[in-house]
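Overview (structure and organization)
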Amino acid sequence: FGDKFKKPEGAWECDTCMVQNKAEDTKCVACTSAKPGASAGASSSTSSAPVLGLAEKFKKPEGAWECDVCLVQNKASDVQCVACQAGKPGAKVEP
Ligand SMILES: [Zn+2]
Ligand SMILES: [Zn+2]
């Protein structure tokens, strides 16, 4: 049993046009309908930016600072580099 429709692992069928798509496709390759049940809201929402988006470089949040050691950008609220733990330049480290 089961060999009749031997789908690749994770393959899914489009509800709209019945085209079979690969697991890594999040949209139908034929009609671009969203994958049914795909929870990763990759579409309309713009609230969550990619982790190291290039655009982030050009719009720094207020008070953001760049680590002198590893050049990672940190938030104003960080007193140490999140990546290498170097102290924030010019920040007084309270005992
Ligand atoms: Zn489709
Ligand atoms: Zn650093």
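Residues numbered from 1 in each chain as written. Chains lettered and ligands numbered in written order. Predicted model: local features only at pLDDT ≥ 70, side-chain atom pairs only at ≥ 80, totals over all residues. Heavy atoms only, no water.

This part covers the coordination of the zinc ion (ligand 2). Within the protein, Cys67 (SG), Cys70 (SG), Cys81 (SG) and Cys84 (SG) serve as the donor atoms for the zinc ion (ligand 2), at 2.2 to 2.3 Å. Viewed at the metal, the four donor atoms of the zinc ion (ligand 2) are separated by angles of 102 to 119°, and the geometry they form is tetrahedral. The exposure class of Cys81 is buried, given its relative accessible area of 1%. (Donors = N, O, S within 2.8 Å, 3.2 Å for Na, K, Ca; no water. Tetrahedral: all angles 85-135°; square planar, octahedral: opposite > 155°, others 65-115°. Buried < 20%, exposed > 50% of the residue type's maximum accessible area, 1.4 Å probe, protein only.)

Attention shifts here to unusual backbone geometry. Although it is not a glycine, Leu71 adopts a positive phi angle of roughly 65°. In this fold, Leu71 is placed in the loop between strand S3 (65-66) and strand S4 (73-74). In this structure Leu71 comes out as exposed when scored by relative accessible area, which is 57%. (Helix = DSSP H or I, 4+ residues; strand = E, 2+ residues; numbered from the N terminus.)

Reference values for angles at a metal are 109.5 degrees in the four-donor tetrahedral case and 90 or 180 degrees in the six-donor octahedral case. On the protein side, the zinc ion (ligand 1) has Cys14 (SG), Cys17 (SG), Cys28 (SG) and Cys31 (SG) as donor atoms, found 2.2 to 2.3 Å from it. In this structure, the zinc ion (ligand 1) is coordinated by four donor atoms arranged in tetrahedral fashion, with angles at the metal of 102 to 120°. Positions of the donor residues of the zinc ion (ligand 1) along the chain correspond to the pattern C-x2-C-x10-C-x2-C. Residue Cys14 is located in the loop between strand S1 (12-13) and strand S2 (20-21), and its partner Cys31 is located in the loop between S2 and S3; the two are separated by 17 residues in the primary sequence.

This brings us to the side chain of Asn74. In this structure, Asn74 sits in strand S4. In this view, Asn74 contacts Ala64, Trp65, Cys67, Gln80, Cys81 and Val82; residues no more than four positions away in its chain are not counted. (Contact = heavy atoms within 4.5 Å.)

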